Amino acid sequence: MRYYNEDKDLKLFAVSGTQTVLLSFDIDISKLGNDFIGFSVERLDKNNHTSFLNGSKRFASLAENPDSKIKNTSLVQSFYWQDYTVDPGETYTYTIRPMFGTALKHLPKFENSLIVTTEKLHDGRHSVYFNYGVTGSQAYAKNSEFGNKPINDLSGIALRHALSFLGRDLWSEGLLKFVQQAGDNKFSIYGAFYEFQYPGFLSELKAAKDRGVDVQLIVSGKADQYDDKKYKDGTVRYNNKTMIKRAGLNRCIKTLRTKPSQPHNKFMVLCKDGKPAQVWTGSTNITLAGIFGQCNTGHWIEDADIAEKYLKYWKGLVGDPTMSRQSKVSEDIQADTNLIDLPDGTYVFFSPRDWPKVKNSTPVHLQHYADLIESANELVCIIFPFNMDEVFGSVFAEDKKYLRLLLFESASDAQKVVSNDTDVKVTAGAVYAGDVKGWTKEISAKATTGAGILYVHNKFFIIDPLAVNPVVVTGSANFSANSIWNNDENSLLIKGDPRVADIYLTEFDRLFVHFWPRYLSTLDKKDAKKPQGFSKPLDETYTWYYEYYDKSKYSEKRKQLFINMAGAKKG
């Protein structure tokens, strides 16, 4: 949901997702004078509890003060701020005060408040779930109960709490509840999975089967996912074959999928009385690392037409058909089309598609994605868990009128992005490994869950999320030629749904902002003269805010996105 309050000199704007709120401020520069030192951000919750969200950066001039309260004085030196600690479906009041004076002594001259209600977790046609996905975080590292330890080193209450923290609502409210709603033999669940190994979820499907639910599964039969792997140190990774047997689900296996390069789907279709009704999809593999390690997305759709398309595609996979044959099924469900001029609605695109393959060419559907991004007017946000396909290189290389944020899994891939546009911002997954006072060394998802993908495994991009007709593309595909031609994949395109766009935008922002200073700190290590992202103090020269009034700067352009966002209501 989008909100505004422009009743006073200080104008406030907000976008709420389910567990994140983005805040933007504006005030005429003539009101600021020459002693504007920052904002104070206060939040009031439903229990009348007040908290200050003033960040962690401090003033250098106060660092040696013996009074810890003074020493730790902090303000927000940004016209853009975030609250990542809200709950779904709750109402909060944010009071913002511009502060004037010195680091030691400052007072407000203006004030305004904004009432914001977050989105419900489960509401309407589309419900979206993200895990926490940043085990490499101060929240995990500093938690005395977790001890910054691998999941497998925890037990009892500490383990339960860690799984709840890391899985967030993707696990408890998403994956589990989707299966649990199938109560008896009136229901059927048709699943297609790549890595299908986490005992907690497999046992939930077994419980459904025991309730009389017809559970039929297509899983990867490729050696990398199906067969157990024994390492040199003697440890064994138990894969699909063993975990299916242990869970008692052998009779539920309809097909072992072997023909694709990767049978990469992760979806379920729920039918009631033989009629398709709902779909669960997204980027989340059924593994410890997928649910509780790297960041992932779950997307729950209550739409009979979409569910029917997923079921038709699922039935096509039965018997392990050739890629050419399955491509015909995919394109019969949804043919390639110009994605720019689609009417508002929900569309699903399956892979394999665009067969026969044409050597040294770009799949038609992938080119349509690039064209869609090129059509943006305001903002593009995209996650690349792996390298960026060449078709997107030209899209991001040239100067454009819209802002572009790219998040990569690896720093090496992020550093390959070449652009002459200062409005292209690129970051990548990283953990904090420095020694700045007050910060704890973090560990990645490899250490906590044994993950191969350490940070971001999501597969989505957003086009103009705050406009009248926002577009979200999400699912299992990695936006590559391989994912179009050689894999089993499914992707949703959702146009004109502000709720969906707001949730994806706020969660993308959470990830981008989390990794931004960590990524920069890895780059700064190459230049000892550069201030580390975590240690750079607050500005005391009263010049920090100039960029928010420079029309050529990213910060001012972002501010205008919130001022002009569509569909906002008075808060």
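For the structure itself, consult the block above.
First, a word on scope: everything that follows refers to the structure included in this document. (Residues numbered from 1 in each chain as written. Predicted model: local features only at pLDDT ≥ 70, side-chain atom pairs only at ≥ 80, totals over all residues. Heavy atoms only, no water.)

Taken as a whole and judged by the stated rule, the model has zero disulfides. Here Cys252 is not disulfide-linked; the sulfur of Cys271 is the nearest cysteine sulfur, at 15 Å. Between Cys295, a cysteine without a disulfide, and Cys381, which holds the nearest cysteine sulfur, the sulfur-to-sulfur distance is 14 Å. (Disulfide = S-S within 2.5 Å.)

Strand order across the open sheet formed by seven strands is E10-E19-E18-E17-E11-E12-E15, with mixed pairing between neighbours. Each edge of the open sheet is held by one strand with a lone partner, namely strand E10 (126-130) and strand E15 (253-257). Neighbouring strand axes in the sheet, compared pairwise and without regard to direction, differ in orientation by 15° on average. Relative to strand E19 (residues 297-302), E10 runs antiparallel, the two being bridged by five bridges. Pairing of Tyr129 across the sheet is with Gly298, part of E19. Docked against the sheet, helix H8 (residues 304-317) engages strand E11 (187-193), strand E12 (214-220), E15, strand E17 (266-272), strand E18 (275-282) and E19, running at close to 80° with respect to E18. (Pairing = 2+ DSSP bridges. Helix = DSSP H or I, 4+ residues; strand = E, 2+ residues; numbered from the N terminus. Axes fitted to C-alpha atoms, helices over the stretch in contact; angles between N-to-C directions. Contact = heavy atoms within 4.5 Å.)

Of the strand pairs in this sheet, strand E1 (residues 2-5) and strand E2 (residues 11-16) are connected by four bridges, and their pairing is antiparallel. Paired with Tyr3 across the bridge in E2 is Ala14. Once E1 ends, the chain turns through five residues before running back antiparallel as E2. Here two bridges tie E1 to strand E27 (residues 569-570), and the two strands are oriented parallel to one another. By the bridge assignment, Tyr3 is partnered in E27 with Lys569.

Per the counting criterion, the structure on display carries 26 salt bridges. As a salt-bridge pair, Arg499 and Glu119 come within 3.1 Å of each other at their nearest N and O atoms. Of the two residues, Arg499 is situated in helix H15 (residues 498-524) and Glu119 in the loop between strand E9 (112-117) and E10; the sequence distance between them amounts to 380 residues. Residue class for Glu119 comes out buried when judged on its relative accessible area of 9%. For the salt bridge of Asp488 with Arg257, the shortest nitrogen-to-oxygen distance reads 2.6 Å. Taken together, the positions of Asp488 in strand E26 (residues 487-495) and Arg257 in strand E15 put the pair 231 residues apart, joining distant regions of the chain. Note on Asp488: relative accessible area 2%, which makes it buried. Within this structure, Arg257, Lys259, Asp320 and Asp488 form a network of salt bridges that share partners. (Salt bridge = Lys/Arg side-chain N within 4 Å of Asp/Glu carboxyl O. Buried < 20%, exposed > 50% of the residue type's maximum accessible area, 1.4 Å probe, protein only.)

All right, on to helix H11 (residues 390-397) then. Among all positions in H11, only Val391, Phe392, Val395 and Phe396 are buried. Burial along H11 is one-sided: seen end-on, the buried residues are contained in an arc of 120°. Buried positions along H11 lie against helix H10 (364-374), strand E21 (379-384), strand E22 (403-408) and strand E23 (424-428). N-capping of H11 is provided by Asp389, with a side-chain oxygen placed 3.0 Å from the backbone N of Val391. (Arc of directions from axis to C-beta. Polar contact = N/O pair within 3.5 Å; in protein donor to acceptor, adjacent residues only side chain to side chain.)

Mapping Lys559 onto the fold places it in helix H16 (residues 554-563). Judged by its relative accessible area of 4%, Lys559 falls in the buried class. What Lys559 contacts, discounting residues up to four positions off in sequence, is Ser24, Phe25, Asp26, Phe79, Tyr548 and Tyr549.

Moving on, we get to the sheet that holds E27. To summarise the sheet geometry, strands pair through backbone hydrogen bonds and adopt either a parallel or an antiparallel arrangement. Ordered by their spatial adjacency, five strands build an open sheet running E6-E3-E2-E1-E27, and the pairing between neighbours is mixed. Among the strands making up the open sheet, the edge pair consists of strand E6 (80-83) and E27. Where E2 lies against strand E3 (residues 21-26), six bridges are found, and the strand directions are antiparallel. Counterpart to Ser16 in the pairing with E3 is Val21. Lying on the sheet, H16 is in contact with E2, E3 and E6; it crosses E3 at an angle near 105°.

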